[in-house]
Amino acid sequence: AAADDQIDKYTIEYQMGADGVLHAKETIVYRFGSNSGRHGIDRTFITREKYDDNNDAVYTVDVTSVTSPTPGVATPYEKTKTVSSATATYVISYTVKGAMRTFSGYDEFYWDVIGPDRTVIKDMSVTATVPGGAKELSCFAGPVGSTEGCTSSKISDGVAEFTQGTLTTADMMSVGVKIGSGLVSD
């Protein structure tokens, strides 16, 4: 990304199935800076990370589609076209296996929504639909390890809703949605 690139709006819709498969749809409105000859964006998915001192969490990610309503924007895996407009919208749909966590008395969808080392995000919003409806929420934004809460977190008709203003290139955002125990299979 060029130094003056930014993401104007990043919207994510998560839907956790009772089978434990997370269905995700990301809509990214990307504003290109002065970099000419731009070829679009890179979107990286974490598939393995440390869980505790003895175990790693392993995620199976399957990208099901990449589309764009912006004319002239290349979609899946094309590298020969360039983007001529100042902004481009990308819609990425994917599934993830392994995103649920189980604790004594409850299950939780806890997820690092966005990691550091990417362009600035001006406006971030996330919704999460879970079996049985969301019971309790947590949301953190800032540098790795931050305990700073997000701009807003609320439950509306059982759906978790999170928003965050500007995220710098070093900031992360993580969300947690507690649900009743046993509503999602392992």
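Before reading further, recall that the structure is shown in the block above.
## Regarding the overall build of the protein
Secondary structure summary: the protein contains zero helices and 14 strands in total. Taken from N to C terminus, the helices and strands of the protein fall in the order β-β-β-β-β-β-β-β-β-β-β-β-β-β. Against the compact-globule benchmark of 16 Å for 186 residues, the protein has a radius of gyration of 17 Å, which places it among compact chains. In the protein, buried positions account for 39% of the 186 residues. Relative to all contacts within the protein whose residues are 6 or more apart in sequence, the contacts with residues 24 or more apart total 69%. Total accessible area on the protein is roughly 9900 Å²; 48% of this is exposed by carbon and sulfur atoms.

## Some points on the nonpolar core
Counting residues in hydrophobic clusters, the biggest one holds 43 residues, and the most contacted among them are Tyr14, Phe109, Met124, Met173 and Val177. Only strand S1 (6-16), strand S2 (21-31), strand S6 (87-97), strand S8 (106-114), strand S10 (124-129), strand S11 (136-142), strand S13 (159-164) and strand S14 (172-180) provide two or more residues apiece to this core.

## Concerning the pairing of strand S7 (residues 100-103)
In this sheet, S8 lies alongside S7 in antiparallel orientation, the contact comprising four bridges. Looking at the pairing, Arg101 lines up with Glu108 of S8. Joining the antiparallel neighbours S7 and S8 is a turn of two residues, in which Gly105 adopts a positive phi near 95°.

## Remarks on the pattern of salt bridges
Under the defined criterion, the tally for this structure stands at seven salt bridges. Glu136 is the salt-bridge partner of Lys178, the closest N and O atoms lying 3.5 Å from each other. Within this pair, whereas Lys178 is found in strand S14, its partner Glu136 is found in strand S11, the two being separated by 42 residues in sequence. Here Lys154 ties to Glu161 by a salt bridge, and the two come within 3.6 Å at their closest N and O atoms. Judged by its relative accessible area of 48%, Lys154 is partly exposed.

## Here's the deal with the pairing of S8
Judged from the eight bridges that link them, S8 and S14 form a sheet pairing that is antiparallel. The residue of S14 that forms the bridge with Ile114 is Met173.

## Quick word on the state of the cysteines
Throughout the structure, instances matching the rule amount to one disulfide. With a sulfur-sulfur separation of 1.9 Å, Cys139 is cross-linked through a disulfide to Cys150. In this structure, the disulfide formed by Cys139 and Cys150 twists by about -75° around the S-S bond and is classed as left-handed. Of this pair, Cys139 sits in strand S11 while Cys150 sits in the loop between S11 and strand S12 (152-156), and the two are eleven residues apart along the sequence.

## A closer look at the sheet that holds S8
Taken in spatial order, the four strands of this open sheet run S7-S8-S14-S11, and their pairing is antiparallel. The two strands at the open ends of the sheet, each matched to only one other strand, are S7 and S11. With strand direction ignored, the average angle separating the axes of adjacent strands in the sheet is 20°.

## A closer look at the side chain of Ser174
Here Ser174 lies in strand S14. Side-chain polar atoms of Ser174 contact the side chain of Asp112, separated by 2.6 Å. Setting aside anything within four residues of it in sequence, one finds Ser174 in contact with Tyr110, Trp111, Asp112, Val113, Ser138, Cys139 and Phe140.

About the thresholds
- Residues numbered from 1 in each chain as written.
- Predicted model: local features only at pLDDT ≥ 70, side-chain atom pairs only at ≥ 80, totals over all residues.
- Heavy atoms only, no water.
- Helix = DSSP H or I, 4+ residues; strand = E, 2+ residues; numbered from the N terminus.
- Rg over C-alpha atoms; globule rule 2.2 N^0.38 Å.
- Buried < 20%, exposed > 50% of the residue type's maximum accessible area, 1.4 Å probe, protein only.
- Contact = heavy atoms within 4.5 Å.
- Areas by Shrake-Rupley, 256 points an atom, 1.4 Å probe, with all protein chains shown as cover.
- Core = buried A, V, L, I, M, F, W, Y, C linked by side-chain atoms within 4.5 Å.
- Pairing = 2+ DSSP bridges.
- Salt bridge = Lys/Arg side-chain N within 4 Å of Asp/Glu carboxyl O.
- Disulfide = S-S within 2.5 Å.
- Axes fitted to C-alpha atoms, helices over the stretch in contact; angles between N-to-C directions.
- Polar contact = N/O pair within 3.5 Å; in protein donor to acceptor, adjacent residues only side chain to side chain.

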